[in-house]
Amino acid sequence: MPSATFRTPSVIPGFRLAFGFTIAYLAVIVLIPIAGLYVQTFTLDWAELWRILTDRRLLAALQLSFGLSLLAAAFNVVFGLVVAWVLTRYSFPGRRILDAAIDLPFALPTAVAGIALTAIYAPNGIIGQWLAPYGIRIAYTQAGIFIALVFIGLPFIVRTVQPVLEQLDREVEEASATLGASRLRTIFQVVLPTLAPATITGFALAFARAVGEYGSVIFIAGNLPGKTEILPLLIVIRLEEYNYAGAAAIAAIMLTLSFVILVFVNIVHAWSQRRFGHG
Amino acid sequence: MQLDIRDIAKDFGATAALHGVDLTIRSGELIALLGPSGSGKTTLLRIIAGLEFPTRGQVFFGPDDASHRSVQERNVGFVFQHYALFRHMTVYDNIAFGLRVRPSATRPGEAEIRKKVETLLDLVQLPEYGKRFPAQLSGGQRQRIALARALAIEPKVLLLDEPFGALDARVRKDLRRWLRELHDRTGHTTVFVTHDQDEAMELADRVVVMSQGRIEQLGTPDDIYDRPATPFVYDFIGEAFRVPVEVSGGAVLFEGNRLDLPAQGVRDGRATLFVRPENVSLAPPADGLLPAQVEILRRAGARRRAEVALGAGAIRIEADYGAGVEVALKQPVGVAIREAGIFPAA
């Protein structure tokens with residue numbers, strides 16, 4: 001019986017039903033559309049595919065999307081940790097409201113967020129007008145894209161780290177202090193290592209979201225080909241040209257890259273859990 | 001290192017956790033802070049460690065005023081109830097932590113650290129456990145590693161907060177004996193907090209009984225048990241039953257019967273007698289004995305125990321009695337109280 005090898009006896013029956021459902025569901029929702037994407041891509045011949053993939057405009061968008069997404073996720077790791085720390089460790093008036101506000105980037109329609117950010121950072125916007133005299137432009141530049149990606153990624157870090165922080169035993173920090181460790185050392189050698197697995201998960205989620213983000217970015221990006229044009233936008237442009245195979249090819253390369261990066265992040269996560277997760 | 005605690009008070013908001021506590025702990029002594037929860041014992045321990053700062057008062061380590069020193073500067077070994085081991089570090093790294101975080105001028109080399117850690121692992125009798133993670137140890141083993149980690153920094157004093165609280169009864173007993181032996185060998189001035197009177201009595205040289213932020217009594221386990229200083233200590237340590245009495249002209253009267261007990265300087269008026277079961281004798285009714293009736297008989301381990309209703313029957317106390325004493329349920333019996341504490345009625 002092959003099923004006996006991965007099926008442990010349980011008080012709740014229904015393994016076959018549940019497993020079958022899971023596979024069928026994943027197939028319909030995830031696997032078949034993705035497979036279709038690759039099938040569509042390979043309707044192109046190799047020379048055509050190679051031409052699309054080495055297109056300068058695509059390469060620039062690829063670099064922009066993945067580079068800025070990684071950067072934004074990394075930025076969110078640092079400041080998301082600080083926000084999570086403040087929200088769990090201190091009680092102050094308005095803490096609950098601030099806590100609820102963290103989820104706003106989840107809830108807001110991304111286009112609304114994009115328009116709001118553009119309005120604020122445009123050269124005549126609330127923040128933009130103070131930066132414009134110094135020649136600093138945020139909206140319609142890569143900096144604007146970065147800000148939009150940071151905005152939508154923040155909740156991922158905060159919400160994955162927060163529960164772990166709440167469970168963190170204060171005694172452990174006190175033990176570190178009684179042993180003579182300074183506050184910084186306690187943070188870097190005692191607190192942060194315990195947060196590592198959750199932080200890596202949050203990083204992966206924020207990154208994945210940023211790579212695929214469309215709505216909030218296109219308004220603030222300015223969308224200059226080769227400069228501020230993100231990958232999802234390039235796909236939309238190809239679709240509007242009725243170039244379905246071309247769009248699918250870009251999507252396929254994007255998907256493959258994302259998959260490779262997420263697998264790598266998962267390996268790091270598994271390692272960190274082994275290394276730091278003993279408890 | 002002698003510890004002097006002078007007039008330490010601590011308020012948490014509007015509630016006072018400690019009201020002006022004075023205490024001197026002699027060098028090399030093993031002291032128990034004993035009390036119910038909320039008595040301020042843990043707060044006092046944390047103030048000594050520097051994990052908490054007092055509202056008023058001073059802490060002296062030997063001749064030095066340590067009141068304003070940070071916890072890092074105090075060099076105390078602190079053992080937490082739930083061990084507080086660093087779970088992402090091996091046992092070895094846990095014990096070495098306190099040495100590795102020293103400033104480079106006083107930090108020993110890795111070879112020296114290795115020697116020290118191995119010595120400590122031997123001391124806590126877990127020599128082969130250096131490579132394990134805390135999750136792979138039992139509760140008792142974790143607590144011993146926590147102790148080794150605290151000792152690694154060569155602390156001036158060793159402070160333990162309910163060190164055996166999270167362990168099961170057998171491990172607790174073994175660890176208790178082991179800690180006493182360890183203390184006798186290493187000679188650290190040691191203060192531990194407990195709410196378990198057996199633990200305090202068995203382990204400590206002197207016991208500090210605390211209640212509601214005050215010290216009720218400070219003394220050897222014998223002092224505490226045999227000569228409780230306050231009604232609270234009588235109730236909290238061992239068993240005691242309250243008997244309302246009248247003091248008149250130096251005589252102690254219960255419902256008009258004169259008891260053969262000194263009034264111990266208690267002034268005339270109403271008073272309360274605290275009677276321990278082992279200080280009560282039962283005999284056939286006779287002159288000079290308190291008339292009583294046997295209500296319940298039971299066996300408590302090695303002892304025979306009788307619950308008797310005194311005089312008119314409203315007051316019940318318990319008495320231990322030997323095999324030679326004839327007692328029967330619902331029968332009259334004579335009671336003699338050989339020894340008791342007496343305090344003016346509140």
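Residues numbered from 1 in each chain as written. Chains lettered and ligands numbered in written order. Predicted model: local features only at pLDDT ≥ 70, side-chain atom pairs only at ≥ 80, totals over all residues.

## A closer look at the overall build of chain B
A count of helical and extended segments in chain B gives nine helices and 20 strands. The dimensions of chain B, computed from C-alpha atoms along their principal axes, are 80 × 45 × 35 Å. Relative to its full complement of 346 residues, chain B shows a buried share of 40%. In chain B, the proportion of contacts linking residues at least 24 apart, taken out of those at least 6 apart, comes to 66%. (Helix = DSSP H or I, 4+ residues; strand = E, 2+ residues; numbered from the N terminus. Buried ≥ 20, exposed ≤ 12 C-beta atoms within 10 Å, placed from the backbone. Contact = placed C-beta atoms within 7 Å.)

## Some points on the overall build of chain A
Looking only at helices and strands, chain A features 13 helices and zero strands. When the elements of chain A are put in sequence order from the N terminus, they spell out α-α-α-α-α-α-α-α-α-α-α-α-α.

## Things to note about the domain arrangement of chain A
Where the parts come together, the accessible area they lose is often given as the size of the interface. Residues and elements named next belong to chain A. Split by domain assignment, chain A resolves into domain 1 (13-42) and domain 2 (48-276). Inter-centroid distance (C-alpha atoms) of domain 1 to domain 2 is 28 Å. Contact with domain 1, which involves five residues of that partner, is made by seven residues of domain 2. A per-class count over the side of domain 1 that touches domain 2 returns three nonpolar, two polar and no charged. (Domains from an automatic or database assignment. Nonpolar A, V, L, I, M, F, W, Y, C, P; charged D, E, K, R; others polar.)

## Considering the nonpolar core
Within the largest apolar cluster, 101 residues are counted, with the highest numbers of intra-cluster contacts made by Ala32(B), Leu159(B), Val208(B), Val275(B) and Val335(B). In terms of residue count, the dominant contributor to this core is helix α5 (residues 139-152) of chain B (seven residues). If we ignore the near neighbours within four places in the chain, the residues touching Leu159(B) are Leu45(B), Ile48(B), Ala49(B), Val76(B), Gly77(B), Phe78(B) and Val191(B). Counting residues in each nonpolar core, the second largest holds 57 residues, with Val158(A), Val161(A), Val217(A) and Ile250(A) among its members. (Core = buried A, V, L, I, M, F, W, Y, C linked by C-beta atoms within 7 Å.)

## So, the UniProt feature "domain: ABC transporter" (unreviewed entry) in chain B
The positions UniProt marks with the feature "domain: ABC transporter" (unreviewed entry) are residues 3-237 of chain B. Secondary structure over residues 3-237 of chain B splits into 37% helix and 26% strand, and the C-alpha atoms at its two ends are 26 Å apart. (UniProt positions renumbered as here; feature names shortened; annotations may be inferred.)

## Comments concerning the pairing of strand β14 (residues 269-275) of chain B
All names here are of chain B. With seven bridges connecting them, strand β11 (residues 241-248) and β14 associate as antiparallel partners. Residue pairing for β14: Val245 is matched across the bridge by Ala271. Bridging between β14 and strand β20 (residues 341-344) involves four bridges; their strand directions are antiparallel. Paired with Leu273 across the bridge in β20 is Ile342. (Pairing = 2+ DSSP bridges.)

## Remarks on the interface of chain B and chain A
Taken together, the 20 residues of chain B in the interface contact 19 residues of chain A. Elements with a minimum of two residues in the side of chain B that touches chain A: α2 (71-74), β6 (76-79) and α3 (91-100) of chain B. Considered class by class, the residues forming the side of chain B that touches chain A number 14 nonpolar, four polar and two charged.

## A word on the domain arrangement of chain B
Residues and elements named next belong to chain B. Per the domain assignment, the segments making up chain B are domain 1 (3-235) and domain 2 (239-344). Taken over C-alpha atoms, the centre of domain 1 sits 41 Å from the centre of domain 2. At the interface, four residues of domain 1 touch five residues of domain 2. Considering only residue class, the side of domain 1 that touches domain 2 consists of three nonpolar, no polar and one charged.

## Focus on helix α3 (residues 56-89) of chain A
In this model α3(A) runs 49 Å from its N-terminal to its C-terminal C-alpha over 34 residues, within 8% of the 50 Å that 1.5 Å per residue would give. Val77(A) marks the point of greatest bend in α3(A), at about 25°. (Expected span 1.5 Å × (residues − 1). Bend = angle between axes of the 7 residues up to and from the residue.)

## Topic: the sheet that holds strand β16 (residues 290-300) of chain B
Residue and element names in this part refer to chain B. Sheet architecture is open: five strands sit in the order β15-β19-β16-β17-β18, paired in antiparallel fashion. Of all the strands in the sheet, just β15 (280-283) and β18 (315-321) have a single pairing partner and so form its edges. Taking the axes of each pair of neighbouring strands and ignoring which way they run, one obtains an average angle of 45° across the sheet. (Axes fitted to C-alpha atoms, helices over the stretch in contact; angles between N-to-C directions.)

## Brief notes about helix α6 (residues 169-186) of chain B
Residues and elements named next belong to chain B. Counted at 1.5 Å a residue, the expected span for α6 with its 18 residues is 26 Å, and the 26 Å between its end C-alpha atoms agrees. Residues Leu179, Leu182 and His183 constitute the buried set of α6. The buried side chains of α6 occupy one side of the element, clustering within an arc of 95° when seen end-on. Relative to its buried face, α6 has exposed residues pointing more than 90 degrees away, namely Arg170, Asp174, Arg177, Glu181, Asp184 and Arg185. On its buried face, α6 is in contact with β3 (30-34), β8 (189-194) and α7 (197-203). Gly187 occupies a position one or two residues after α6 and carries a positive phi of about 70°. (Arc of directions from axis to C-beta.)

## A word on the UniProt feature "transmembrane region" (unreviewed entry) in chain A
All names here are of chain A. In the numbering used here, UniProt assigns the "transmembrane region" (unreviewed entry) feature to residues 17-39, 59-88, 100-122, 134-158, 187-208 and 244-268. Annotated as residues 187-208, this span is 100% helix and 0% strand, and its ends, taken at the C-alpha atoms, are 28 Å apart. With 100% helix and 0% strand, the stretch residues 244-268 has end C-alpha atoms that lie 36 Å from each other.

## A few points about the sheet that holds β14(B)
Residue and element names in this part refer to chain B. Pairing is antiparallel in the open sheet, where five strands are placed in the order β13-β12-β11-β14-β20. Edge positions in the open sheet fall to β13 (257-259) and β20, since each of these has one partner strand only. Neighbour-to-neighbour, the strand axes of this sheet turn through a mean angle of 45°, independent of strand direction.

## Some words on the packing of helix α10 (residues 183-212) of chain A against helix α13 (residues 244-276) of chain A
All names here are of chain A. Put simply, α10 and α13 touch, their axes get as near as 8 Å, and they point 170° apart. Here α10 is positioned roughly antiparallel relative to α13, judged by the angle of their axes. Every residue of α13 that contacts α10 at Pro193, Thr194, Ala196, Pro197, Ile200, Thr201, Phe203, Ala204, Ala208 and Val211 is listed here: Ser258, Leu262, Val265, Val268, His269, Ser272, Gln273 and Phe276. Within the contact of α10 with α13, the residues separate by chemical class into 12 nonpolar, six polar and no charged. (Parallel < 35°, antiparallel > 145°, perpendicular 65-115°, else oblique.)

## Focus: the pairing of strand β17 (residues 303-310) of chain B
Residue and element names in this part refer to chain B. The sheet contact formed by β16 and β17 spans eight bridges and is antiparallel. Within β17, the position partnered with Leu297 by the bridge is Ala306. Between the antiparallel neighbours β16 and β17 lie two residues, among them Gly301 with a positive phi of about 65°. In this sheet, β18 lies alongside β17 in antiparallel orientation, the contact comprising seven bridges. Looking at the pairing, Val308 lines up with Ile317 of β18. Counting the residues in the hairpin turn of β17 and β18 gives four residues, including Gly311, whose phi is positive at 50°.

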